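Breakdown of the fold
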Amino acid sequence: VDLSNIATLELWNKIRKDCESVDTSSIQRSFVNHVYSTLARTPYNLDEFGAYQAAAHSVRDQLIHKWISTQQHFTRSNPKRVYYLSLEFLMGRTMQNCVINMDMEEAYSKALREMGLAFETLYDQETDAALGNGGLGRLAACYMDSLATLDYPALGYGLRYTYGIFEQRIRNGEDQVEYPDYWLRFTNPWEVARVDVAYPVGFYGSVHNDSAGRAGQPGQPAARWEPAEFVQAVAYDVPIPGYDTDTVLNIRLWSSKPQRQFDLSSFNDGEYEKSVAEKQRAENITSVLYPNDNTPAGKELRLKQQYFFVCATLQDILRRFSKLNLPWSELPNKVGIQLNDTHPSLGIVELQRVLVDEHGLEWDIAWALVQRVYAYTNHTVLPEALECWPVSLMERLLPRHMRIIFDINLYFLRSVEQRFPGDYERLRRMSIIEEGHQQMVRMAYLAVVGSHTVNGVARIHSDLVRSKLFRDFAEFYGDDKFVNITNGITPRRWLHVANPQLSALITKRLGSNRWLKDLTELSRLKAFADDEDFQQEWRQVKRTRKESLAEYIQKHVDTAGEGPVNSEALFDVQVKRIHEYKRQLMNILGVVHRYLRIKEASAEERRDIVPRVFIFGGKAAPGYHTAKLIIKLINRVKNVINADPDAELRKLIRVVYIPNYSVTLAERIIPASDISEHISTAGTEASGTSNMKFVLNGGLLIGTRDGANVEIAEHIGGWDLAFEFGAKAEEVDDLRNKVRYLRPEIHPAFRRVVEAIKSGQFGDSSPFVNMLDRLVSDGDYYLITVDFPSYPEAQERVDAAYKDQKKWTRMSIENCAGMGFFSADRSVQDYAKKIWGINPCPPPPSK
Ligand code: 475
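A quick note: this is a predicted structure, and the numbers were derived from the prediction, not measured.

Examining the overall build of the protein chain
- Along its length, the protein chain carries 36 helices and 24 strands.
- The C-alpha atoms of the protein chain give a radius of gyration of 28 Å, which matches the 29 Å a tight globule of 847 residues would have.
- The burial tally for the protein chain puts 60% of its 847 residues in the buried class.
- A sequence separation of at least 24 residues applies to 77% of the contacts in the protein chain between residues at least 6 apart.
- Roughly 33800 Å² of accessible area belongs to the protein chain as shown, and the carbon and sulfur atoms make up 50% of that amount.
- Taken as two groups, the 103 positive and 110 negative side-chain charges of the protein chain have centres that lie 1 Å from each other.

Quick word on the packing of helix H34 (residues 790-803) against helix H35 (residues 805-817)
- Relative orientation of the contacting elements H34 and H35 amounts to 105 degrees, with a least axis distance of 5 Å. By the criterion of interaxial angle, the relationship of H34 to H35 is roughly perpendicular. Contacts between H34 and H35 involve Val798, Ala801, Tyr802 and Lys803 from the former and Gln805, Lys807, Trp808 and Met811 from the latter.

Here's the deal with the environment of Asp558
- By secondary structure assignment, the location of Asp558 is in the loop between helix H22 (532-556) and strand E19 (570-575).
- On the basis of relative accessibility, which here comes to 58%, the residue Asp558 falls in the exposed class.

Points about the sheet that holds E19
- If you trace the six strands from one edge of the open sheet to the other, you get E21-E20-E19-E22-E23-E24, paired in parallel fashion. Strand pairing shows two members of the sheet lacking a second neighbour, strand E21 (653-658) and strand E24 (723-724), which therefore form its edges.
- Bridging between strand E23 (residues 700-703) and E24 involves two bridges; their strand directions are parallel. Note on E24: the bridge partner recorded for Gly703 is Glu724.

Focus on the sheet that holds strand E18 (residues 482-484)
- Judged by pairing direction, the sheet is mixed, and its nine strands sit side by side in the order E7-E10-E11-E4-E1-E12-E13-E17-E18 without closing on themselves. Both edges of this open sheet fall to strand E7 (192-203) and E18, since each of them pairs with a single strand only. If you compare each strand with its neighbour and ignore which way they point, the axes differ by 25 degrees on average.
- Bridge count between strand E10 (residues 229-241) and strand E11 (residues 248-258): eleven bridges; the pairing is antiparallel. Paired with Gln232 across the strands is Lys257, a residue of E11.
- Relative to E7, helix H10 (residues 300-322) is tilted by about 115 degrees, and along the sheet it contacts strand E1 (81-85), strand E4 (154-159), E7, E10, E11, strand E12 (335-340) and strand E13 (374-377).

Some words on helix H21 (residues 500-510)
- Turning to H21, its buried residues are Leu502, Ser503, Leu505, Ile506 and Leu510. One side of H21 holds all its buried residues, which, seen down the axis, span an arc of 165 degrees.
- Packing partners of the buried residues in H21 comprise helix H20 (491-497), H22, helix H28 (690-696) and H35.
- Gly511 sits one or two residues past H21 and shows a positive phi near 80 degrees.

Notes on the site of the ligand
- Around the ligand sit 18 residues, and of these Asn294, His379, Asn487, Glu685 and Gly688 come closest.
- At 3.1 Å, a side-chain N or O of Tyr581 approaches an oxygen atom of the ligand.
- Grouping the constituent residues of the shell around the ligand by class yields five nonpolar, ten polar and three charged.
- Of the residues that make up the shell around the ligand, three or more belong to each of domain 2 (80-89 + 128-211 + 223-389 + 442-486 + 832-836) and domain 3 (563-822).

A few points about helix H5 (residues 105-114)
- Along H5, the residues classified as buried are Tyr108, Ser109, Ala111 and Leu112.
- Structurally, H5 contributes buried residues whose contacts are with helix H2 (24-38), helix H3 (48-77), helix H4 (95-101) and helix H6 (119-122).

Topic: the packing of aromatic side chains
- The full count for this structure, using the stated rule, is 34 aromatic pairs.
- With centroids separated by 5.1 Å and ring planes inclined at 70 degrees, the aromatic side chains of Phe750 and Phe788 adopt a geometry described as edge-to-face. Of this pair, Phe750 sits in helix H31 (residues 748-758) while Phe788 sits in the loop between helix H33 (784-787) and H34, placing them 38 residues apart in sequence. Residues Phe750 and Phe788 agree in their burial class; the two are buried.

Thoughts on the nonpolar core
- In this structure, Trp254, Ile337, Phe470, Ile506, Leu525, Leu589 and Ile658 are the most contacted members of the largest nonpolar core, which totals 242 residues.
- Looking at which element gives the most residues to this core, the answer is H10, with eleven residues.
- Membership of the second largest hydrophobic core comes to 28 residues, among which are Val35, Ala51, Ala56 and Tyr108.

A closer look at the state of the cysteines
- Evaluation of the coordinates by the stated rule reveals zero disulfides.
- Here Cys98 is not disulfide-linked; the sulfur of Cys142 is the nearest cysteine sulfur, at 15 Å.

Side note on the packing of H21 against H22
- Where H21 meets H22, the axes come as close as 9 Å, and the angle between the chain directions of the two elements is 165 degrees. Of the possible angle classes, the one that applies to H21 and H22 is roughly antiparallel. Taken as a pair, H21 and H22 cross one another with a handedness that is right-handed. Of the residues in H22, those touching H21 at Pro500, Gln501, Leu502, Leu505, Ile506, Lys508 and Arg509 are Phe534, Glu537, Trp538, Val541, Thr544 and Arg545.
- Class assignment for the residues of the contact of H21 with H22 results in seven nonpolar, two polar and four charged.

What to know about the domain arrangement of the protein chain
- When cut into domains, the protein chain gives domain 1 (17-77 + 94-126), domain 2 (80-89 + 128-211 + 223-389 + 442-486 + 832-836) and domain 3 (563-822).
- Relative to domain 2, the C-alpha centre of domain 1 lies at a distance of 31 Å.
- Facing the 23 residues of domain 1 at the interface are 24 residues of domain 2.
- Broken down residue by residue, the surface that domain 1 buries against domain 2 is led by Trp67, Phe74 and Asn101, which jointly contribute 36%.
- Inspection of the domain 1/domain 2 interface yields one salt bridge.
- At the level of elements, H3 and H4 are the ones that each hand at least two residues to the side of domain 1 that touches domain 2.
- The dominant element in the side of domain 1 that touches domain 2, judged by the number of residues it contributes, is H3, at 15 residues.
- In terms of residue class, the side of domain 1 that touches domain 2 is built from twelve nonpolar, eight polar and three charged.

Topic: the environment of Leu585
- Assignment of secondary structure puts Leu585 in helix H23 (residues 584-600).
- A relative accessible area of 6% means that Leu585 is categorised as buried.
- For the pair formed by Leu585 and Leu633, sequence separation is 48 residues and the distance between their alpha carbons is 8.3 Å.
- If we skip the residues at most four places from it in the chain, Leu585 touches Ile630, Leu633, Met771, Leu775 and Ile784.

Some details on the pattern of salt bridges
- Tallied over the full model, the rule gives 64 salt bridges.
- Between Arg224 and Glu226 there is a salt bridge, with its nearest N and O atoms 2.7 Å apart.
- Each member of the salt-bridge network shares a partner with another, and the members are Arg194, Asp196, Asp237, Arg252, Asp316, Arg319 and Arg320.

Thoughts on the environment of Leu318
- By the secondary structure assignment, Leu318 is in helix H10.
- Of the residues examined, Leu318 reaches a relative accessible area of 12% and is grouped as buried.
- In this structure, the C-alpha to C-alpha distance between Leu318 and Trp836, residues 518 residues apart in sequence, is 18 Å.

Conventions adopted
- Residues numbered from 1 in each chain as written.
- Predicted model: local features only at pLDDT ≥ 70, side-chain atom pairs only at ≥ 80, totals over all residues.
- Heavy atoms only, no water.
- Helix = DSSP H or I, 4+ residues; strand = E, 2+ residues; numbered from the N terminus.
- Rg over C-alpha atoms; globule rule 2.2 N^0.38 Å.
- Buried < 20%, exposed > 50% of the residue type's maximum accessible area, 1.4 Å probe, protein only.
- Contact = heavy atoms within 4.5 Å.
- Areas by Shrake-Rupley, 256 points an atom, 1.4 Å probe, with all protein chains shown as cover.
- Lys, Arg positive; Asp, Glu negative; His and termini not counted.
- Charge placed at Lys NZ, Arg CZ, Asp CG, Glu CD.
- Axes fitted to C-alpha atoms, helices over the stretch in contact; angles between N-to-C directions.
- Parallel < 35°, antiparallel > 145°, perpendicular 65-115°, else oblique.
- Pairing = 2+ DSSP bridges.
- Arc of directions from axis to C-beta.
- Near = heavy atom within 4 Å.
- Polar contact = N/O pair within 3.5 Å; in protein donor to acceptor, adjacent residues only side chain to side chain.
- Nonpolar A, V, L, I, M, F, W, Y, C, P; charged D, E, K, R; others polar.
- Domains from an automatic or database assignment.
- Phe/Tyr/Trp six-rings, centres within 6.5 Å; stacked < 30°, edge-to-face > 60°.
- Core = buried A, V, L, I, M, F, W, Y, C linked by side-chain atoms within 4.5 Å.
- Disulfide = S-S within 2.5 Å.
- Left-handed = near helix turned anticlockwise from the far one by under 90°.
- Buried area = accessible area lost by both parts, 1.4 Å probe.
- Salt bridge = Lys/Arg side-chain N within 4 Å of Asp/Glu carboxyl O.

Written out as structure tokens, the structure is:
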């Protein structure tokens, strides 16, 4: 564009200002314009989905203006930036979050109402962006919201999977079946395709010595990698608006495309089909999110995804750095990279490769820079969840990287040996390469060695990371390298958006909505915990939310004609990925226990029982047999209890399995919970984040002393305000040995439950026999038999507390009031100070 004429420039600026205006008529213009010219529709054939699309495009326009301004501002201010690398971003829906963060909800609502449309009803038309499995992916999404809200110069990087986490359906009322989640079917208004931003990514091939013939030689390891296969990484940008600020950050998602548009030579050779197949192979790389949570997939395609991701991301980061014309020594002052678990840890090797092989830096100088750039977040200590890749696979797919890993390991082990001369056992333990019948690369060790800081995600978890998982490394590097950053959640989505009723009540009581930006403000609610009127309003909100969930269940969950759930009953919720360590099995065995007790109770005794609805939800990894069996058992128990001929009993106990748990369902379920279950074996759940969401919404917890439960209890005022049971983390090793070798007496209540299932009371028991027998022989790794007696006992304390509604409401208010610490705003500030060394870069005040 020729802008040399001042008048031309002014015209551009004036028109842009017009485009940014959000008064009623501008919104209406933009909406109508999208109905006609984006969708080619008219008000006569506009259905709800079309209206959603037009509204979404209109909101997107607003978003993009602010986003461009933010990016220009960052470029001009040139601060150190942090890059959050994650193979998963579990975003959920976008539209409502956007208009709330940009303070446009009322404006849109009014503008569309005048046009005969209810804006709020359009939210339900949106499909979730579900590019993540669970906790780790949702954490990345919460952190982007907080980074934007606090004006940090940050950028997220991820993959644009064609298929997100699978859709779960329940077949025959009991079994999980998976369906592909083709979320891009109707195009995605929340992304901007950047066809101008594309990088080549190579795989396979061979390594050649550099001219001096020194490839792989310690001290002088420059070499040339000639990949045999290339694909392209194309950028798709997803704008992330902060709350109550003009900052709009970016998540850049890579999509794989074939290198050349069309291979004419193979066409001429009559190999047309081959060239199309090649094209499809390239697109394969980003086609599907691996559906494993807390277990690595171990597939070649997954390793390809990981390298594809870091290769494109580093080219992008380094291109931005090179525009600054600074020496390489400045890299750590401009670039911080956070690794969300080990999944992107090949980035460490890739950066070393680029610096040494492509830019000619000396090994040691490059390595010192690499270590100052990277930091690594660990999300699990489960041994089977730690990523390891076969050396043979890595050698084939990434031959140069494999050599670099061997060299990194060599120098590292030499330095360990200097500190601990002759301690070969230590070298074996600490080696990045695990020796065995098949050599493996331990990705967690690579991440530790290549980073300046390693963090766990809750205090107890970080203690275990330091004292057990990476004990040798903490001894070698010193404790300072290992820090804790307790996870947090965004109060915007998880209270204000998910629970507008409670949000309004809190704002009314506190006299302002400042708590949305400073969650510690909630502590002022404590003063009203016993206030009669406030208590009533608080209970009313919960009731409303329970009724709305009951309605959802009635409409969308197959309840086999069982009738509506009683929203007066206590709602007991466990929604999360199905995993043995999370112990949904213990929960359902507890349900059976309660059922048997109610069955034998007299009419008199029954009058004393608090009616409960047990609500389950969660997906099992498709290849995780035991997890699928647990889903089956939950549903079997559900089907029998809900169909019990005793109508009086059915009023006291009910079980629901809500299929296809998702971010959007979480927003419905969490505000409706009275009590939620966070009952992992102590020392196994790194943090948990739904525990925070439940408490923030006035639900109480029943849980073990695990993950963030421990800190939640501290902040709300102790375990008197939550329901604790079970073994402590320090006792777990010893208990495992006892269970395994000494077989302590199994509690009769537990035996009875197992016998009931084995007797066929819940249908053919043969699928479950093995799983249950393992528990009572030597296979109770997660200590269900050990914790079981104290679990129903804790549930009785829940019942007792619930009977006193005043006491319960006071606890609920006090729980919520103590949640200030668990805002993701606090978490990202911790990261900024303790790990990244970055500062906010707020937009200049607009003129
Ligand atoms: C922990 N996912 C929670 C949460 O810190 C914690 C994804 C792909 C492959 C393998 N695993 C994953 C996880 O490991 C994961 O989600 N971990 C979770 O991270 C956030 O709150 O306790 O289990």
